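Below, each chain spelled out in residue letters.
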Amino acid sequence: MLKKLNVLISLIGLMSLFILSCTTAPDPIPDWAASLSAIRTVYPDSDFIAQRGRGPTREAAEVAAAAEVARFFTSQISVNRGYSEVITQQNGEVTESSQASAEAFVQSQIDLSGIRYAQDAFYYRAEKQWQTVAYIDRNEAWTVYEPRFKRQADAFQALYAAAENENDQFRKALRFEAADAYARGGDFVEAEAFGQVLHPQKMNASFGGIRAEIASIPQKTDDAKRNASVFIDCPGDFESLVANAFSRVLSEEGFPIAKERNGAAVVCTVTIDEGMQQRDLGISYYPSLQAVFTGASGALFTFNASADRASAVTPDVAKRRAYTALAGKVVESFSIEGN
């Protein structure tokens, strides 16, 4: 009887150990989780963008993995484009940084391109965590993304072609500036960077020519400016303050200043409105101006500026203050970009 009891106790002990081992052992680990580098074997970088995620539920693990995919894109775009990761504050209001803008763009493109999850997600009992992989198939996503970026590329190329085909050198410079501004705009920059991270080989094959055109813009703009000399016609100026201001900003933009009207490619005609008001305690000026740039083909570009009130008891002092302020506004705000 004692022998049978000992056998029964031994059997119960073995069964307890078996049950305990079943409850603590992890589920079968999939190949992508075998090591830190195993995910690159199952989801090679040449074909996939894949990231792991963990969570208390399978759904939470998928959300975490998708967030890691988005973070990967954003970090790559930020590194390539030099975006700031700091949200700045100006005038008491928080403004969205380029980093935040990139994150929003990335998330929208991932949603449109499609993200998938591993079918062999598993629950690791020792950690009480689900683990999975979120991934994007590069080739599959490219078929969705390419037409969207092509619209951006076509818009740029229309601006670039218009500049290339322009005969008037001043207007050519303006149009190259417009093409450059478009290529530096947030929408284009983020779209181009996303495509480069998504599928660099296809991006280079399809849109490498656009990068060459963008790279050529500074030299082409400089060449056009050198052949677009400007004569400044500023009747009614005071001590040449305004004319000198235009001479300064145009030279800084790269346009030669012509001493004679004849032979100049462009004439800059400046009309000044002094806005003078006589008062009992002195004279006040509310000065403003309009500068019209005219070439052989007609009006090319118009620039407007105005300054705050300038006052003084002595007329000459008030006028000098007004023209000095107006010249300062020209130096501060003149730009041909966007025109």
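Since this is a predicted model, take the numbers as computed values, not measurements. (Residues numbered from 1 in each chain as written. Predicted model: local features only at pLDDT ≥ 70, side-chain atom pairs only at ≥ 80, totals over all residues. Heavy atoms only, no water.)

S.K.: Talk me through the packing of aromatic side chains; I want residue IDs and the actual numbers.
M.R.: Applying the stated criterion across every chain, the model contains 28 aromatic pairs. Ring centres 5.9 Å apart and planes at 55° place the aromatic pair Trp 32 and Phe 122 in the tilted group. Of this pair, Trp 32 sits in the loop between α1 (2–24) and α2 (38–42) while Phe 122 sits in strand β5 (residues 122–124), and the two are 90 residues apart along the sequence. Given the relative accessible area of 5%, Phe 122 is considered buried. Judged by centre distance (6.1 Å) and plane angle (40°), the rings of Phe 293 and Phe 334 are tilted. You can see Phe 293 sitting in strand β11 (residues 288–295) and its partner Phe 334 sitting in the segment after α10 (315–333), a full 41 residues away along the chain. Assessed through its relative accessible area of 8%, Phe 334 is described here as buried. (Phe/Tyr/Trp six-rings, centres within 6.5 Å; stacked < 30°, edge-to-face > 60°. Helix = DSSP H or I, 4+ residues; strand = E, 2+ residues; numbered from the N terminus. Buried < 20%, exposed > 50% of the residue type's maximum accessible area, 1.4 Å probe, protein only.)

S.K.: Give a description of the nonpolar core that names residues and reports values.
M.R.: By size, the foremost hydrophobic cluster in this structure holds 34 residues, and its most contacted members are Phe 170, Phe 246, Leu 289, Phe 293 and Phe 334. Mapped onto this core, the elements with two or more residues apiece are α6 (169–184), β7 (230–233), α9 (241–253), β8 (266–273), β11, β12 (298–306) and α10. With residues up to four places along the chain from it excluded, the contact list for Phe 246 reads Ile 232, Cys 268, Val 270, Leu 289, Ala 291, Phe 303, Val 330 and Phe 334. In this structure, Ala 70, Phe 73, Ala 134 and Phe 149 belong to the second largest nonpolar core, which totals 33 residues. (Core = buried A, V, L, I, M, F, W, Y, C linked by side-chain atoms within 4.5 Å. Contact = heavy atoms within 4.5 Å.)

S.K.: Which residues make up the sheet that holds strand β9 (residues 276–279), and what values do they have?
M.R.: Pairing is antiparallel across the open sheet formed by three strands, whose spatial order is β9-β10-β13. Single-partner strands in this sheet number two, and they are β9 and β13 (310–312). When the angles between neighbouring strand axes are averaged without regard to direction, this sheet yields 15°. The strands touched by α10 are β10 (282–285) and β13; relative to β13, the strand with the most contacts, the crossing angle is about 165°. (Pairing = 2+ DSSP bridges. Axes fitted to C-alpha atoms, helices over the stretch in contact; angles between N-to-C directions.)

S.K.: I'd like to hear about the environment of Ser 113, residue by residue, with values.
M.R.: Looking at the secondary structure, you find Ser 113 in helix α4 (residues 98–113). Residue class for Ser 113 comes out buried when judged on its relative accessible area of 7%. Along the sequence, Ser 113 and Tyr 145 sit 32 residues apart, while their C-alpha atoms lie 6.6 Å from each other. In this structure Ser 113 touches Ala 141, Val 144, Arg 148 and Phe 194, once residues within four positions along its chain are discounted.

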